[in-house]
Amino acid sequence: MLRHCLVSGIAVWLAGTLPAGAFIAYVSNEKSNTVSVIDTDKWAVIKTIKVGQRPRGIELTRDGKFVLVAVGDDNTIQMIDTATREVTNTLPSGPDPELFVQDKAGKILYVANENDNTVTVIDIEKRTRIGDVQVGVEPEGMALSPDGRFLINTSETTNMAHFIDTETRQIVANVLVDARPRYAEFKRDGSELWVSSEIGGTVAVIDPAKRTVTKKVTFNIPGMRKEAIQPVGISIVADGKTAFIALGPANRVAVVDAASHQVTKYLLVGQRAWHMAFTPDEKFLLVTNGVSNDVSVIDVAALKVIKTIQVGELPWGITIAKQ
Amino acid sequence: MNAAIANQKLPGFSFAQYLTCLNGIVWREGLRFVHQRERFVSALVRPLVWLFIFAAGFRQVLGISIIPPYETYILYEVYITPGLMAMIQLFNGMQSSLSMVYDREMGNMRTLLVSPMPRWYLLGCKLLAGTVVSIVQVYAFLLIAWFWDIEPPPIGYLAVLPALVLSGFTLGALGMLISSGIRQLENFAGVMNFVIFPMFFASSALYPLWRVQEGSPMLYYVCQFNPFTHAVELIRFALYGKMNWISLAVVAGCTAIFMIGAVLAYDPSRGLSRRGPAGGET
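What counts and how
- Residues numbered from 1 in each chain as written.
- Chains lettered and ligands numbered in written order.
- Predicted model: local features only at pLDDT ≥ 70, side-chain atom pairs only at ≥ 80, totals over all residues.
- Helix = DSSP H or I, 4+ residues; strand = E, 2+ residues; numbered from the N terminus.
- Rg over C-alpha atoms; globule rule 2.2 N^0.38 Å.
- Contact = placed C-beta atoms within 7 Å.
- Buried ≥ 20, exposed ≤ 12 C-beta atoms within 10 Å, placed from the backbone.
- Pairing = 2+ DSSP bridges.
- Axes fitted to C-alpha atoms, helices over the stretch in contact; angles between N-to-C directions.
- Expected span 1.5 Å × (residues − 1).
- Parallel < 35°, antiparallel > 145°, perpendicular 65-115°, else oblique.
- Left-handed = near helix turned anticlockwise from the far one by under 90°.
- Nonpolar A, V, L, I, M, F, W, Y, C, P; charged D, E, K, R; others polar.

Asker: What is the right way to read the overall build of chain A from this model?
Answerer: A tally of regular secondary structure across chain A gives one helix and 28 strands. Over its C-alpha atoms chain A spans a radius of gyration of 19 Å, differing by no more than 12% from the 20 Å that the globule rule assigns to 323 residues. With respect to the principal axes defined by its C-alpha atoms, chain A has extents near 65 × 45 × 35 Å. For chain A, the share of sequence-separated contacts (at least 6 apart) that also reach a separation of at least 24 residues comes to 42%.

This is how it looks when you write it as structure tokens:
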């Protein structure tokens, strides 16, 4: 019995300390104008790529060949070649691009331009702008329904989630949420849309069919001021059972039971937890901590923070590629 | 083979006789501990008060940066846990020395010291007995702390055991050395004021040394020279499956010094007890 316990204990410990496999994380550092490249085998920064000014939104293209990074103060989106890890091209966004989302085929890019109240539609292959959609004030969060029919954009000042038909490129519905909606994320089965409200301190769960808020996820950290709890990044596990929500200056990531919409645990990370990304095998979740200039690694199965890695100044967005 | 070792004659006594003596002393200490339930409870309540009340209050005040052996941000409760483990051992070491003063006042000490076994061996057994008791208390504390979300890696629970044995010996030997100089039980209050409190507060138990250095460079050096700091750090690193070689060297060195000091002090022909008859003998 004792031997069995000991062997199991050692196995659990080993599983907890083994590397994630060969994945590469790209972190945009808003203040230092760089992208930090993290090797998840070593949990260490292996390269720092100089990019344009104020890099924020960052995402891997579907084919894995490029990392796209929105450099807001340069009013463009830069393309980092994942083979050479150098900036090789740009995409024509509107002024001050912040977050963006690709269609399933990886051909079309929808970009929220914070200063222009528009969403720009870009053909990635041709690197040309093919349209604009007028949205609310300060657009930020972007999500695409799993069937590709509807694009969601949240506007920070209008406090709405706009439903945009991807064929007609027209807004077909607006859902009012709490103050300063920052981020939007669909469950993989398309049954729910989650929108985080930074100032409101809640995450709205929206029924995409009825386009109404059906539930609000609320947060309560003992001893923490309510105003300090500012939900931003949302990551939902593929099976739709668990969600993680970064709570900004509360320095925590909330673990939420995605069925009951109740918080089950708070994980301590660095200061101003912002955006997150899963490793492709979903074993680990990486969180950018803007004020403490680091990235925390969460073991998804154990629900524990296992490591924190120093990166550039004001880390903001993160995306993870296979080697 | 085992029988051969058991029958092997050590100078004057057989191995089995040494074992009988060890068994007797450890058993007596164990019985004393088990029979004093309030002692067990109070030994647990003390660190738990620090953990549940003090740490909860200071959680927002004291931010902890990432320092070895930690690899990420930790709550204050997690930080002070190794310090509280060492505190259990510190109090236990002093309690053990208190019991030696009591034994001397009551005359029980004479029974122990008239044993024909070598004095170093008798004191070593007494030290081991006290250490075993303190380790039981520490693991009970860790069990309760686990429910408070203080969850070191599973291997840490095993890795910390040798560190606890060593730190238990150090603090026990220190207590023994101190007890040799105390004539009466009433004087023991001084130990609280002059040993336990300064050792505990001028250490890395409650706050990391870099933070102490920010506040007072002088105090930082005092903390560095405090053996209790190194006992805490040895436990802290071991609890996370890591080794702090400097702390190991300091703690091992202090154990040797305190132990030799205690053996000499308890030697009637040379030690401190030569200065006058013990309380129980007057």
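Asker: I tried to follow the overall build of chain B on my own but got confused; where do I start?
Answerer: Each helix and strand in chain B was counted, giving 12 helices and zero strands. In chain B, which comprises 282 residues, the proportion classed as buried is 39%. The long-range share in chain B, meaning contacts at least 24 apart out of those at least 6 apart in sequence, stands at 78%.

Asker: Explain the sheet that holds strand S28 (residues 315–322) of chain A here, please?
Answerer: Within a sheet, neighbouring strands are paired by backbone hydrogen bonds and run either parallel or antiparallel to one another. Residue and element names in this part refer to chain A. Strand order in the open sheet formed by four strands is S3-S2-S1-S28, with antiparallel pairing between adjacent strands. Edge strands, defined here as strands with exactly one partner in the open sheet, are strand S3 (44–50) and S28. Adjacent strand axes in the sheet meet at a mean angle of 25° when their direction is disregarded.

Asker: How should I be thinking about helix H12 (residues 245–265) of chain B in this particular structure?
Answerer: Each α-helix winds once per 3.6 residues, and so residues spaced three or four apart point in a common direction. All names here are of chain B. The terminal C-alpha atoms of H12, which comprises 21 residues, lie 30 Å apart, in line with the 30 Å expected from a rise of 1.5 Å per residue. Residues Ser247, Val250, Val251, Cys254, Thr255, Phe258, Met259, Ala262 and Val263 constitute the buried set of H12. Where H12 is buried, its residues meet helix H6 (119–146), helix H7 (154–180) and helix H11 (227–239).

Asker: I would appreciate a short explanation of the packing of H6 of chain B against H7 of chain B in the present structure.
Answerer: Any two packed helices are characterised by how steeply their axes cross, that is the angle between the axes, and by the distance between the axes. Residue and element names in this part refer to chain B. Between H6 and H7, the least distance of the axes is 8 Å, while the angle of their chain directions is 130°. The orientation of H6 relative to H7 falls into the category oblique. For the pair H6 and H7, the crossing hand works out as right-handed. Residues Leu123, Leu127, Gly130, Thr131, Ser134, Ile135, Val138 and Leu142 of H6 touch H7, and the partners they reach there are Tyr157, Leu164, Val165, Gly168, Phe169, Gly172, Ala173 and Met176.

Asker: Is there a simple way to think about the environment of Thr158 of chain A in this case?
Answerer: Residues and elements named next belong to chain A. Mapped onto the fold, Thr158 is located in the loop between strand S13 (150–155) and strand S14 (160–165). Overall, the presence of 18 C-beta atoms within 10 Å leaves Thr158 in the partly exposed class. Taking the C-alpha atoms as reference points, Thr158 and Met276, 118 residues apart in sequence, are found 25 Å from one another. Setting aside chain neighbours within four positions, we find Thr158 in contact with Gly136 and Val137.

Asker: Would you mind showing me how to read the packing of helix H3 (residues 37–58) of chain B against helix H4 (residues 76–106) of chain B here?
Answerer: Residue and element names in this part refer to chain B. The contact between H3 and H4 brings their axes to 10 Å, and the two run at 155°. Judged by the angle between their axes, H3 and H4 are roughly antiparallel. Along this stretch, H3 crosses H4, giving a crossing that reads as right-handed. Counted together, Ala43, Arg46, Pro47, Trp50, Leu51, Ala55 and Phe58 of H3 and Tyr76, Glu77, Ile80, Leu84, Met87, Ile88, Phe91 and Asn92 of H4 form the full contact between these two elements. Here the residues of the contact of H3 with H4 sort into 12 nonpolar, one polar and two charged.

Asker: In this structure, what is going on with H7 of chain B? I would like to understand it.
Answerer: Compared with the 39 Å implied by 1.5 Å per residue over 27 residues, the 40 Å span of H7 of chain B between its first and last C-alpha is a close match. With 20 of its 27 residues buried, H7 of chain B lies for the most part within the structure.

Asker: Sorry, what's going on with the pairing of strand S23 (residues 262–268) of chain A here?
Answerer: Within a regular strand, the side chains alternate between the two sheet faces. Residues and elements named next belong to chain A. The pairing of strand S22 (residues 252–257) with S23 spans six bridges and is classified as antiparallel. In the strand pairing of S23, Ala254 is matched with Tyr266. Count of turn residues in the S22/S23 antiparallel hairpin: four residues, of which His261 carries a positive phi of about 60°.

Just geometry here; none of it tells us what the structure is for.
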